[in-house]
Amino acid sequence: QVQLVESGGGLVQAGGSLRVSCAASGRSFGAYVAGWFRQVPGKEREFVGAISRSTGITQYADFVKGRFTISRDNAKNMVHLQMNNLKPEDTAVYYCAATTSLYREVESRKYAYWGQGTQVTVSS
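Residues numbered from 1 in each chain as written. Predicted model: local features only at pLDDT ≥ 70, side-chain atom pairs only at ≥ 80, totals over all residues. Heavy atoms only, no water.

**Quick word on unusual backbone geometry**
Logical step 1: Even without being a glycine, asparagine 77 presents a positive backbone phi close to 55°.
Logical step 2: With relative accessibility at 23%, the residue asparagine 77 sits in the partly exposed group.
Logical step 3: If you check the backbone angles, asparagine 85 has positive phi at about 50° while not being a glycine.
Logical step 4: Looking at where asparagine 85 falls in the secondary structure, it is placed in the loop between β8 (78–83) and β9 (92–99).
Logical step 5: For asparagine 85, a relative accessible area of 43% translates into the label partly exposed. (Buried < 20%, exposed > 50% of the residue type's maximum accessible area, 1.4 Å probe, protein only. Helix = DSSP H or I, 4+ residues; strand = E, 2+ residues; numbered from the N terminus.)

Given below as structure tokens:
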């Protein structure tokens with residue numbers, strides 16, 4: 001069991017940068033693959049990226065490659081999503097998630113643990 005809490009969301013202009021973070025408590029965070037998803041009203045949660053448990057290998061959705069970077073610090077039980085060159089279409093609630101799977105899962109249903117989400121709004 002692990003609890004996740006996101007932070008760092010806010011309002012940013014198009015082209016700007018923002019880092020959202022996820023703090024984990026409970027079971028050692030290193031036991032989980034971590035993912036980031038985002039959601040806008042009326043739509044399903046959308047995969048943003050994921051990071052392996054210990055190797056730091058990442059996988060990203062095509063629409064964020066080259067702009068977003070996921071990192072983790074298992075000693076601090078933290079995972080981060082650095083977002084650069086933000087676009088208005090990036091506006092969404094961003095969620096971190098954790099799975100006991102050995103793989104960098106891209107389907108939201110594969111993740112059993114979720115944070116409450118943090119709002120990111122990108123203005124034109």
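The rest of the description comes next.
**Focus: the sheet that holds β8**
Logical step 1: Taking strand neighbours across the sheet as the criterion, the four strands line up as β1-β3-β8-β7 in an open arrangement whose pairing is antiparallel. Strand pairing shows two members of the sheet lacking a second neighbour, β1 (2–7) and β7 (68–73), which therefore form its edges. Neighbouring strand axes in the sheet, compared pairwise and without regard to direction, differ in orientation by 15° on average.
Logical step 2: Summarising the sheet, β7 and β8 pair through six bridges and their orientation is antiparallel. (Pairing = 2+ DSSP bridges. Axes fitted to C-alpha atoms, helices over the stretch in contact; angles between N-to-C directions.)

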